[in-house]
Structures are given as structure tokens and as C-alpha cells.
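Letter by letter, the chains look like this.
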Amino acid sequence: MAVAFSSQFTESFPQLLNQLGASLLVSTYQAGQLITIRAHENGLNTHFTGMEKPMGMCLRDGELAIGNAFQLVEYSNMPAVAPKVEPLGMHDTCFLPRNIRVTGDIDIHEMAYGQDGLWIVNTRMSCLCTLDKQFSVVPKWRPPFISAYDLGDRCHLNGLALKDGEPAFVTALGETDKPGGWRGNKASGGLLMEVPDGRVIRRGLSMPHSPRWHQNRLWYLESGNGELAYLDPDTGDKTTVVELPGFTRGLDFVGRFAFVGLSQVRETAVFAGLPLTVRVGERKCGVWVVDIEQSQVVAFLSFTGDVREIFAVQVIPGRYPAILDFTDPLLRTSYALPDDAIKDVAPDDPLQALRNLAVQAYAKQDFEQAVKHYRQILAKAPDDEQSLFHLGVVLTDSEQWEQAITTLGQVLEASPGHAEACNSLGLAYCGLSRWDEALTAFDRAIELDQKYSLAQFNRGIILLKQGNYKEGWRAFEWRWQLPEFTPFNCPQPQWKGEDIRNKTLLVHTEQGNGDAIQCARFLPEIRKRCDRLIIVCVASLRDLFSAMGCVDEVRLPGALPSDLFDTYCPIMSLCEILEVRLDNIPDHYPYLSIPAHVSVSQLAGREGSLKVGLCWQGSPTHKNDKHRSCPLAQLLEVVSPELDFYSLQVPISREHTALLEQHRVQNLEVELTDYARTACYLAQMDLLISVDTSVAHLAGAFDIPVWIMLPENPDWRWGIKGDTSPWYRSVRLFRQVRTNWPGIIQEVKCALGRFSPGPKGSTTIDALKAS
């Protein structure tokens, strides 16, 4: 059954997964799905695996256990299988089902691997269990107030925490000994207990779940309050770390970060009367990430559509893992043998081992090794067309453009109808700025496959880069067919430009925050065409959009009332609807305002000294980040004692903090909590020097002088040549001829010596504030 699903997430969510080298597994018994959440390029990829009532999960050393309606399924991680999962070469971890245990319907709420094997929370029998192949389960412990085993769910025992490999703490929703007795006082009848003695550490909790022993603290979720909290195991004293906008259930930790599952909770007898339903009117479903050292949310992923409840959350290793189901054909051809047996296995195909090594190297982005293995294959099998094509792909991804063009040309000589080779050839031509040849290659790929969305999208990017906006915007819409773009899934139709004078339009942001800031200029015109305009954006943009007089309401990503709007539009799709061309981009500046309630401290600076802001890094998950971001040590060569320099970069590493202090650059990181506050500090600058970041867009929107240092092959919006931009009149572009930061830094340094700012009358904080 297809799942109607959409999501919105903060930029920090995929960045954090990339930083941790991990992904996320989420179970939702309400939707009957296991959801694998993976960072991909500058976004998230979600993969659904159908399963009847998936509930508790646990992981240890490559072993994964998942409880469902009446079974416990055990998986093993087989990394060697990962490169064979479609799309080839994408995955780095692969969990294969290895064992099924039929437990019967016992509502496996949580599980944990201990010193002596797997422990299971058997909710229906109100006990903790282990496994034995002769029995469904083996009951080992029950709360002292439970007099007998039955299937009546007497206290709704639901959570388990191990300490030193042994069961140590459990949560239950009631201290009752009759079937379903906990339902009588669910709002405040919950308790957290110690195992094995049964001592109650704290009573009076509102539907507690997910106890965890982490960093010498006893954590738990007080679901009925929507809280992440911890208790003193000796005194029972409670410390609430953060309140969240949903029913908290499902918790996993990685260092300082807590991954917390949130559910909307249904308006049923089970959830009626909870403190959460009074505190939060519009509850969210998704995963929120909390920095437990700072007691604040640092990222979130919000689900809409058919997924309304989260059961368990599990962080799993690998940047792009796969979870195979029982119908996957790879199960028939994947084998796990002991190490002493593997050495005696003869490969069916002598070249298969080399192919496996090449695919594994590519998955790890070890392009040098991948090229080496593919060349070894081709030396022995010159007619292996598939290996020749993969070699061309690796050469393209490793930016060996000329060799890639030669190799892919050989593929197309042998197979003129190879659409994927045409697309890769187009990318190689792009790497050499041979735009017309790139377009020819993309056109050929599309001629061979009209629905080849990646080639259509790549063609659109080149057209936009060349200034052909008429055709470019149309091709740019193919982005929604790519896996890295998650469409806004809702019953309402997408607005295509028809008459909506009597309707409410919802415009949602997409891709990066810079894209949202760039396209915010179109909202006043859009507001003239509808009765009401609602914006959905991330929290860091909320105050900026709220200050726009044309915007009637701003919402954060998450569940939206079904009657809130009549039609919707992605913010970058407004360009095609409005028929934006190079000569009709709105030129009213500033087109954003600082909200009246937002204020920051005045930067003192030195009298007579110019204030210069610095930004050197964009999103680390951007596919061109290695060329787009500038090493800070090199950028700091522009710093001179005659000027006052300020860092507007967020976030900043310890190493970079030390470098800034060493060069006497004032670090404003702690002040830059959102874009409205950032704009307040930008308004105090005479100049911003930046790479291609959202802060550069913000400066342009507020008509503040900004110098943008671009890589050799920049984003489409900056065009191919020239030092000005039709998108922002205050921008000056510095272009690299080849990837050469020292050269462009020297150019900026010379220009800075000649820089003379204009009058600041229109770019002071007061002048930029909304009336």
C-alpha cells in the first residue's frame, strides 16, 4: 500500500547525520512502516519498508532486532551486499533479515541487547522476557504489584533501560493489577521503577516512555507532557530538559544529541485529557534532535500525510543504509560464511571480486581506488561495457573531465542509445565550462528517454546559468522527480498560475535558505493574485517572513489543518509562474524588513573604521561545497589593522574560533540565532565579504554591499561571466578562473584597499525595520 507522505526539515538535520556518519530508523505501527532516513546531497532521503505493526527496535554490533505484530525479526549487517542494492554504489550498509521468532501478539514495546542476549518488554503480559527457541518467550521479571501473567496489559509496562548490560529501569503507565487498569489515570498515573527490586523512583508521571541510562543519567520521555527529562535515581527529583510539540515516544542518544520521536496523538479516549493536548493545540509528528548540553532543539524532521505517530527511533551506522525485506531478490544471492570458510570460496566470475571492490570504493568516494579497479577489469575484459561506463562515471565524479569525456565517448561509440552515458558526458562538459556541448549531451539523453528526470534537471540548470530563463524554469520543475527533492504531499492541487483571487495560497520554502530569501521578492506580486497568503518556512526565517506586509500568516513545517489553504506552490516555482526573465526581476530594495520587536546590541567598533563582515563556508552537505567554501586561514589574509572585522559565520568550530581570536576578528556566532538578528548585524556593516551562502543573499535583499567569491563553476543564479548580478544590485562578484583561492583572495584584498562605502542612510537598522 502506498503511503501518502511528505516532510519538512531543518538544514541542520541532514548536516548532523552527515557529521555523525549515521542514519535513522523510525518505526510507525499506525502507518505499518519502517522508515529509513538518510542524508543525501543537501537534503534527506526516506525509504519505506512495509511491516505489520512495527514497534520496538534495538541495535548492537551489526545486529538489529525489530518487533512487529506477532514476531521478532533479527537482521545482520552485511556491508559487502550494500553496493549491490539499487541504485548501485549508493549504499554503504545493508541489513538482511536473518532470523524470525514467532512470539505471538505481546506488543513488544522495547528491546535491548544485554550481556546475556536480548531483553524484551512484553507489554500485554506486564513483564520482561528473554528468548528461547523452545518457547514463544521466557518471562523473567514483573513489577511486584503484578500478581499473575495474562494478556490483559495490566500496567502498560512499556520502556526498558539497561545499565552495565543488565535491566535496570522500566516505565509503566499505571501501578495497577487488573486488565487495562492503567487507563483509569493515564494523565498522571505513570511511574518509573528500578529493576530488579521493583522500587518506584517516581510516581505521578504522565504516560512515561523510553527510559535510557546515558552519560550517568537516567533519562526518560514524559510523553503526556511532551517532555525530555531526567531523574535522580536516588531521590526521584526531576529535571525537564526541553518541552516539545508532540507526544514524545522513541528515544536514542549519540553523544550530546538526543533523537526524540514525536507523535500527533489521536483525539481518542487513550490520549484525551493529557497535559500535552492542553499545552499544544497543533501537535507535530517526526523526529526532533535535542542538544542535551545546551537544552535546546538543534534540528527537526516533521512528517505529514499518513504518518501521524512514531513508535521507536534508532540511530544506525552508515550514511546510506539499506534494510532489505523478505521479497528482495538479493536474499537469494547473498551469503554469510565464517572467515575460515570464505578463504576457500572460489568466485563464479574471476572479475566479480574486482567489480565488488570497485563498487565498494566508489561508495566510500575513494575514487582513486575505484578507477584503479575498473581499469584492472577493462585490461582483462576490454569489451565490458558496463565497467567502462562506471569508469566514466567515477572519472566524472572525481573531476577528471578530459578522461571522463574520452571514456564516455567510447561507451557511446559502442552503445549510441546509452542515455545515462549521455547525461554523464554532459556533466563532464559542464566541468570544463563547455556549456553548448553539455546541452547537446543532455538533449541527446532526453531524446533517448523523455522521462529522464536527472537529464531534464541538468539541462535546466545550464539554461538558467546561460540566462535562458524561459526554457530554464520549465526544465527546473523536473527537480521534483529526483530522489533528493521531497514534494509537498497534500490533497490540495499545486498552483500553476490560474485565477485564485478568492482562494488561500500556501507557499513553502525549499532547498536552501538562500533560495527562499532570493525568491521572497516575488511574494508582494503573488499576494495581489490571491485572497490570502500563507508561508511555510523553517524557524530561522519565520521573523523575516512575518515582517512582510504581504504575508498573512507564517507556519513552521509540520502538520497543517486540512482547511488551512486551497492551493500551494513551492517558492522557486513562482519564477516560472511569473515568467521571470533577466530584464524583469523586481528591483525594489530592500525587499525584506527587520521585525520591529527584534533588536541587537550596537557594535562599538573604532571611530572612523569601516566594519567588514566575513562568511567563508556554506552548507557542508551542498554537493559543490568543496569548491564553494573557502579555507578560513586563506580568507583571513584580507584582514588588515585599519578595518574592524566581524565573523557572521554559523556554526564555527573550535579551530576556527581560535583563528578568529588570533586575527582579532570579532565572533558574532552566539548572537546569530536567526536571520532577523543576522540582518540587524548586517545593517551595521559597511561591507560583507562572503562565499555563496544564505547570508550573502540576506545582504543582497537588504541592499547591503556584499562581495561574493565564487568557484569556477558557480550556482546557476550567478550566471557565467561578469561581476554584477541581476538578482541583487549591491552585489559584486569575484570569479575564480580555476579553483584557486589564493588568487581570488588577493583580488579581494586589493579591492578592499580601494573600497569606499556609500552613505548608510537606507541600510541602518532603524531604516530597515518594518513599520
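Quick caveat, the model's predicted, so the values are computed rather than measured. (Residues numbered from 1 in each chain as written. Predicted model: local features only at pLDDT ≥ 70, side-chain atom pairs only at ≥ 80, totals over all residues. Heavy atoms only, no water.)

## What to know about the overall build of the protein
Next up, step 1: A count of helices and strands for the protein gives 22 helices and 36 strands.
Next up, step 2: Considering the protein as a whole, with its 771 residues, one finds that 57% of them fall into the buried category.
Next up, step 3: For the protein, the exposed surface amounts to about 32500 Å²; the carbon and sulfur share of it is 48%.
Next up, step 4: Taken as two groups, the 73 positive and 92 negative side-chain charges of the protein have centres that lie 3 Å from each other. (Helix = DSSP H or I, 4+ residues; strand = E, 2+ residues; numbered from the N terminus. Buried < 20%, exposed > 50% of the residue type's maximum accessible area, 1.4 Å probe, protein only. Areas by Shrake-Rupley, 256 points an atom, 1.4 Å probe, with all protein chains shown as cover. Lys, Arg positive; Asp, Glu negative; His and termini not counted. Charge placed at Lys NZ, Arg CZ, Asp CG, Glu CD.)

## Some details on the side chain of Ser 694
Next up, step 1: Its place among the elements puts Ser 694 in helix H20 (residues 694-701).
Next up, step 2: Classification of Ser 694 as buried rests on a relative accessible area of 17%.
Next up, step 3: Separated by 2.8 Å, the side chains of Ser 694 and Tyr 675 make a polar contact. (Polar contact = N/O pair within 3.5 Å; in protein donor to acceptor, adjacent residues only side chain to side chain.)

## Examining the nonpolar core
Next up, step 1: Judged by nonpolar contacts, the single largest core of 77 residues is most densely connected at Leu 523, Phe 545 and Leu 592.
Next up, step 2: Among the elements that line this core, the one with the most residues is helix H19 (residues 675-682), at six residues.
Next up, step 3: Non-local contacts of Phe 545, meaning those with residues more than four positions away in its chain, are made with Thr 509, Ala 516, Ala 520, Leu 523, Ile 535, Cys 537, Val 551, Val 554 and Ile 571.
Next up, step 4: Val 411, Leu 412, Cys 422 and Leu 439 belong to the second-largest nonpolar core, a separate cluster that totals 41 residues. (Core = buried A, V, L, I, M, F, W, Y, C linked by side-chain atoms within 4.5 Å. Contact = heavy atoms within 4.5 Å.)

## A closer look at the environment of Arg 501
Next up, step 1: Tracing the chain through its elements places Arg 501 in strand E27 (residues 500-508).
Next up, step 2: The class for Arg 501 is exposed, based on a relative accessible area of 57%.
Next up, step 3: For the pair Arg 501 and Asp 531, spaced 30 residues apart in sequence, the C-alpha separation works out to 5.4 Å.
Next up, step 4: For Arg 501, the contacting residues outside a window of four places in its chain are Arg 529, Cys 530 and Asp 531.

## Examining the side chain of Gln 314
Next up, step 1: Among the secondary structure elements, Gln 314 is positioned in strand E25 (residues 312-317).
Next up, step 2: There is a polar contact of 3.1 Å between the side chain of Gln 314 and the side chain of Asp 252.
Next up, step 3: Aside from chain neighbours lying at most four places away, what touches Gln 314 is Ser 23, Leu 24, Leu 25, Met 57, Cys 58, Leu 59 and Asp 252.

## Re the sheet that holds strand E17 (residues 208-214)
Next up, step 1: Strand order in the open sheet formed by four strands is E17-E18-E19-E20, and the pairing between neighbours is antiparallel. Every interior strand has two partners, whereas the edge strands, E17 and strand E20 (238-243), have only one. Between one strand and the next, the sheet's axes are offset by a mean angle of 25°, whatever the strand orientation.
Next up, step 2: In the sheet, E17 pairs with strand E18 (residues 217-222) via five bridges, with the strands oriented antiparallel. If you follow His 209 over to E18, its bridge partner there is Leu 221. (Pairing = 2+ DSSP bridges. Axes fitted to C-alpha atoms, helices over the stretch in contact; angles between N-to-C directions.)

## Re the state of the cysteines
Next up, step 1: Using the criterion set out here, one finds zero disulfides in the structure.
Next up, step 2: With no disulfide partner, Cys 537 has as its closest neighbouring cysteine sulfur the one in Cys 550, 12 Å distant.
Next up, step 3: We classify Cys 537 as buried; its relative accessible area is 0%.
Next up, step 4: Cysteine Cys 615 is unpaired, with the sulfur of Cys 630 as its nearest cysteine sulfur at 12 Å. (Disulfide = S-S within 2.5 Å.)

## A short note on helix H6 (residues 385-397)
Next up, step 1: Look at H6: 19 Å from first C-alpha to last across 13 residues, which is about the 18 Å you get at 1.5 Å a residue.
Next up, step 2: Buried residues of H6: Ser 387, Leu 388, Phe 389, Leu 391, Gly 392, Val 393, Val 394, Leu 395 and Thr 396, and no others.
Next up, step 3: Residues of H6 that are buried in the fold lie against helix H4 (352-363), helix H5 (367-380), helix H7 (401-414) and helix H8 (419-431).
Next up, step 4: In the stretch just after H6, Glu 399 is the one whose phi turns positive, near 65°. (Expected span 1.5 Å × (residues − 1).)

## Some words on the packing of helix H10 (residues 453-465) against helix H11 (residues 469-476)
Next up, step 1: Interaxial distance between H10 and H11 falls to 8 Å at its minimum, and their mutual angle equals 150°. Put simply, H10 runs roughly antiparallel to H11. Crossing of H10 against H11: the hand is left-handed. Together, Gln 456, Phe 457, Arg 459, Gly 460, Ile 461, Leu 463 and Leu 464 of H10 and Tyr 469, Glu 471, Gly 472, Trp 473, Ala 475 and Phe 476 of H11 make up the contact between the two elements.
Next up, step 2: In terms of residue class, the contact of H10 with H11 is made up of eight nonpolar, three polar and two charged. (Parallel < 35°, antiparallel > 145°, perpendicular 65-115°, else oblique. Left-handed = near helix turned anticlockwise from the far one by under 90°. Nonpolar A, V, L, I, M, F, W, Y, C, P; charged D, E, K, R; others polar.)

## What to know about the pairing of strand E6 (residues 63-67)
Next up, step 1: The element E6 is largely enclosed, with a buried count of four among its five residues.
Next up, step 2: As paired strands, strand E5 (residues 57-60) and E6 are joined by four bridges and run antiparallel to one another. Bridged to Cys 58 within E6 is Ala 65.
Next up, step 3: Counted along the chain from E5 to the antiparallel partner E6, the turn is two residues long, and its residue Asp 61 has a positive phi close to 50°.
Next up, step 4: Alignment of E6 against strand E7 (residues 71-77), held across five bridges, turns out to be antiparallel. Bridge pairing in E7 places Gly 67 opposite Leu 72.
Next up, step 5: Linking two consecutive strands that pair antiparallel, namely E6 and E7, is a turn of three residues.

## Notes on the packing of aromatic side chains
Next up, step 1: The full count for this structure, using the stated rule, is 19 aromatic pairs.
Next up, step 2: Geometrically, the ring pair formed by Trp 716 and Trp 727 is edge-to-face, given 6.3 Å between the ring centres and 80° between the ring planes. Within this pair, whereas Trp 716 is found in the loop between strand E35 (706-710) and strand E36 (731-735), its partner Trp 727 is found in the loop between E35 and E36, the two being separated by 11 residues in sequence.
Next up, step 3: Trp 727 sits in the buried class, given a relative accessible area of 1%.
Next up, step 4: Through successive ring pairs, a cluster of aromatic residues spans Phe 457, Tyr 469, Trp 473, Phe 476, Phe 522, Trp 716 and Trp 727.
Next up, step 5: Positioned above the aromatic ring of Tyr 149, the side-chain terminus of Arg 142 is 4.7 Å from the ring centre.
Next up, step 6: Sitting above the plane of the Trp 707 ring, Arg 732 keeps its charged end 5.4 Å from the centroid. (Phe/Tyr/Trp six-rings, centres within 6.5 Å; stacked < 30°, edge-to-face > 60°. Lys NZ or Arg CZ within 6 Å of the ring centre and 35° of its normal.)

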